[in-house]
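Secondary and tertiary structure notes
Letter by letter, the chains look like this.
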Amino acid sequence: LITYLISITLDILRMRDREDYLLAKSRYYYCGEDDCLKWRINCYTYKIGDKVGGKPVRFKHTSYRRLKMGGRKYYLHQITWLYLHEHWPVGWIDHKDGDGLNNSRGNLRDVLPHINARNRRRGDTPKPTSGYSGVDTLLNGRFRARGKVKGVMVHIGCYGTPEEAYNARKVWEGCEGGYTERHLT
């Protein structure tokens, strides 16, 4: 019975994906030359060939464009993902370069929330006293490298200089995966 219900639920989600994709495809097209979605139809506020998306909505860390489709509000990066992949994202859409207005094909990836958080700028968070993200200055004058995995703090090691600790953290980030070059810069 449970397998049957899961099967029905997945079929319904696939139908919704297909319906939403067909609606997006009827309204927009992806312009490879400009690397963006453009309007396929005319309206009083836009014409065929105009870029999709209204005024950017500003958030603390970035800006996104919003639009309505099928009576619901979406972010432009969600609709771009749907159009390019023919299904809604499983997780969150991450902009690799951190620019929420850059919805080009190569800049979007479908990731889990904790991976998405790894690709954010520091923002208002104060820099650590060591001068490096993920490196703390200990009372004995040594430097501790740490990181988080799914909300749990992980001890990487203690080092004589902040540079050594930072390099160890960078190696750890490479092994852990999902981090980009701009993580917490």
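Refer to the structure presented above.
One structure accompanies this document, and this report is about it.

Here the focus is the nonpolar core. The nonpolar side chains of a soluble globular protein tend to be buried, and buried together. Formed by 16 residues in total, the largest nonpolar core has its most connected members in Tyr28, Leu37, Val52, Leu67, Met69, Ile79 and Leu82. For this core, the secondary structure elements donating two or more residues are α1 (2–27), β1 (28–31), β2 (36–39), β4 (63–69) and α2 (76–85). By residue number, the principal contributor to this core is α2, which donates 4 residues. Those residues in contact with Ile79 that lie beyond four places of it in its chain are Tyr28, Leu37, Leu67, Met69, Tyr74 and Trp88.

All right, on to the pattern of salt bridges then. For the structure shown, the criterion picks out 6 salt bridges. Its salt-bridge partner being Arg109, residue Asp94 comes within 2.7 Å of it at the nearest N-O pair. Remark: Arg109 occurs in strand β7 (residues 108–111) and Asp94 occurs in strand β6 (residues 92–95); sequence separation between them is 15 residues. Look at Asp94 and you get buried, because its relative accessible area is 2%. Linked by salt bridges that have partners in common, Asp136, Arg144 and Arg146 make up one network.

Read from one edge of the open sheet, 3 strands run β3-β4-β5, paired in antiparallel fashion. Each edge of the open sheet carries a strand with a single partner, namely β3 (56–58) and β5 (72–75). With direction set aside, neighbouring strand axes in the sheet form an average angle of 45 degrees. Across 3 bridges, the pairing between β3 and β4 is antiparallel. Residue pairing for β4: Pro56 is matched across the bridge by Arg65.

Conventions we followed
- Residues numbered from 1 in each chain as written.
- Predicted model: local features only at pLDDT ≥ 70, side-chain atom pairs only at ≥ 80, totals over all residues.
- Heavy atoms only, no water.
- Core = buried A, V, L, I, M, F, W, Y, C linked by side-chain atoms within 4.5 Å.
- Buried < 20%, exposed > 50% of the residue type's maximum accessible area, 1.4 Å probe, protein only.
- Helix = DSSP H or I, 4+ residues; strand = E, 2+ residues; numbered from the N terminus.
- Contact = heavy atoms within 4.5 Å.
- Salt bridge = Lys/Arg side-chain N within 4 Å of Asp/Glu carboxyl O.
- Pairing = 2+ DSSP bridges.
- Axes fitted to C-alpha atoms, helices over the stretch in contact; angles between N-to-C directions.

From the geometry alone we can't say anything about function, so treat these as descriptive.
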